[in-house]
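Structural characterization, general
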Amino acid sequence: MQALKLSHLSAGFIAVLVGYTSSVAIIFQAAESLGANQSQLNSWMLALGLGMGITSIILSTVYRIPVITAWSTPGAALLATSLIGVEMEQAIGSFVLCGLLILICGLTGWFEKIQHLIPNSIANAMLAGILFQFGLAIFQSLEQDTLLVAIMIISYVIGKPVLKNFNVPVVLAIGVLVCWQLNLFANQTVDLSFAVPLWTTPSFTLSTFISVTIPLFIVTMTSQNIPGAATLKAAGYQPPVSAALKVTGLATVLLAPFGGYSFNLAAITAAICCAEEVDSNRNTRYIAAIVTGCFYIIIGLFGATVVSLFLIAPKALVVTIAGLALLNTLANSLSVALSEPAEREAALITLLVTVSGISFFTIGSAFWGLLLGMLFLYCAKLLEKSKAGIKTN
């Protein structure tokens, strides 16, 4: 508690704000495709909030690094289409099996061995590609909400050399004040009430294992856990990949009957808490991750009803504060990604593919950027070795 700073609280709040507002609608679509009622949806949000909060707190406290977990956003998008016509019990069964597969990966340790093979330049290039859209969104929103965004940008520029770690929370406060003055907050009634967990007995079928479990597992591992581990690695931390898979896999198994369909390492929200603005001492930035976990638990306890609080804020406020909070991390990632001349082209390919947003087999661009960048780097090294061999002969 003595090491807790306002910047930790601010980073945790921004991370949760970004996490919920950017993808909570997809969760609603996935639940509604199963015909979930309001009580079941509340249970889903409770399970997801508790799962993310508890796992983030455990991992960050044990390893003293900002390890943040999240729900699988690409997985939710996948579920929104693949769960149509599937019974709730069968869907829950597929979530449990997905958690078991993630847990097995953590117990065997093979996924962590693969992650260690990724060079820092490639990892940073992928992270930069992921964060690039957040930087662009600042200036894209400038066109729609010029006054709000302009004031926030000016406040950020003026305050950065003076406020340092307190700059982002001050900019957020200024943005909220401007929204209030301009009456930009949406008018809607919010019914605040505690969520009640609803148990659904899992049902296991081969068809849902093939059509739901396996795709959800692949998407979660490739589009979420790989970028999440790369984010921590790019920030200079050694990600506890196997431990994280054990914890998130077990959490998925335990919370799946209540709607916790999948948990994984976070990338965007972790990058927010890994930024230098959060804490000049990188050894205490994990406190921001613990704060994030506490916010997740509080929001989870209120269920889906409290999500409307996040939806009240104008989109420009959310994307601008997220982009500003990630600017320094983006700059550092680009610097590291392009610092090694021998790996520069491979890193650039990783960056461009990740920014492109391409998707094949429901697997996002971050994975394909990583794959193509690694492939290019491997081929370049083979070519160099062959040239060296020819000269020797």
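Notes on the structure follow. Predicted model, so just to flag it, every value in this text is computed and none were measured. (Residues numbered from 1 in each chain as written. Predicted model: local features only at pLDDT ≥ 70, side-chain atom pairs only at ≥ 80, totals over all residues. Heavy atoms only, no water.)

1. Regarding the overall build of the protein chain
Check the secondary structure of the protein chain and you find 16 helices and two strands. Radius of gyration (C-alpha) of the protein chain: 21 Å, near the 21 Å computed for a compact globule of 393 residues. Projected onto its principal axes, the C-alpha positions of the protein chain cover 75 × 60 × 40 Å. Of all 393 residues assigned to the protein chain, the portion counted as buried reaches 55%. In the protein chain, the proportion of contacts linking residues at least 24 apart, taken out of those at least 6 apart, comes to 84%. Of the roughly 17000 Å² of accessible surface on the protein chain, a fraction of 68% belongs to carbon and sulfur atoms. Each charge class in the protein chain was averaged separately, 15 positive and 14 negative side chains, and the resulting centres sit 15 Å apart. (Helix = DSSP H or I, 4+ residues; strand = E, 2+ residues; numbered from the N terminus. Rg over C-alpha atoms; globule rule 2.2 N^0.38 Å. Buried < 20%, exposed > 50% of the residue type's maximum accessible area, 1.4 Å probe, protein only. Contact = heavy atoms within 4.5 Å. Areas by Shrake-Rupley, 256 points an atom, 1.4 Å probe, with all protein chains shown as cover. Lys, Arg positive; Asp, Glu negative; His and termini not counted. Charge placed at Lys NZ, Arg CZ, Asp CG, Glu CD.)

2. Looking at the packing of helix α4 (residues 88-108) against helix α9 (residues 206-234)
Their axes nearest at 9 Å, the elements α4 and α9 cross at an angle of 45°. Between α4 and α9, the interaxial angle falls into the category oblique. Of the two possible hands of crossing, α4 and α9 adopt the one that is right-handed. Only Thr208, Phe209, Val212, Thr213, Leu216, Phe217, Thr220 and Met221 of α9 make contact with α4, whose side of the interface consists of Gln90, Ser94, Phe95, Leu97, Cys98, Leu101, Ile102 and Cys105. Residue composition of the contact of α4 with α9, grouped by class: 11 nonpolar, five polar and no charged. (Axes fitted to C-alpha atoms, helices over the stretch in contact; angles between N-to-C directions. Parallel < 35°, antiparallel > 145°, perpendicular 65-115°, else oblique. Left-handed = near helix turned anticlockwise from the far one by under 90°. Nonpolar A, V, L, I, M, F, W, Y, C, P; charged D, E, K, R; others polar.)

3. Notes on the side chain of Thr213
Within the element layout of this structure, Thr213 appears in helix α9. The exposure class of Thr213 is buried, given its relative accessible area of 0%. Setting aside residues no more than four positions away along its own chain, Thr213 makes contact with Ser94, Leu97, Cys98, Leu101 and Thr208.

4. Here's the deal with the packing of aromatic side chains
Scanning all chains against the criterion turns up six aromatic pairs. Judged by centre distance (6.0 Å) and plane angle (70°), the rings of Phe13 and Phe295 are edge-to-face. Of the two residues, Phe13 sits in helix α1 (residues 6-32) while Phe295 sits in helix α12 (residues 286-302), which places them 282 residues apart along the sequence. Relative accessible area serves as the criterion here: at 34%, Phe13 is assigned to the partly exposed category. Each member of the aromatic cluster is reached from another via a ring pair, and the members are Trp44, Phe95 and Tyr261. The ring centre of Tyr237 lies 4.4 Å from the NZ or CZ of Arg282, which sits over that ring. (Phe/Tyr/Trp six-rings, centres within 6.5 Å; stacked < 30°, edge-to-face > 60°. Lys NZ or Arg CZ within 6 Å of the ring centre and 35° of its normal.)

5. Side note on helix α7 (residues 146-163)
Look at α7: 24 Å from first C-alpha to last across 18 residues, which is about the 26 Å you get at 1.5 Å a residue. In the structure, α7 departs most strongly from a straight axis at Val157, where the bend amounts to approximately 30° and where the proline Pro161 lies between one and four residues downstream. Among the structural elements, α6 (120-144), α8 (167-181) and α14 (315-337) are those in contact with the buried residues of α7. (Expected span 1.5 Å × (residues − 1). Bend = angle between axes of the 7 residues up to and from the residue.)

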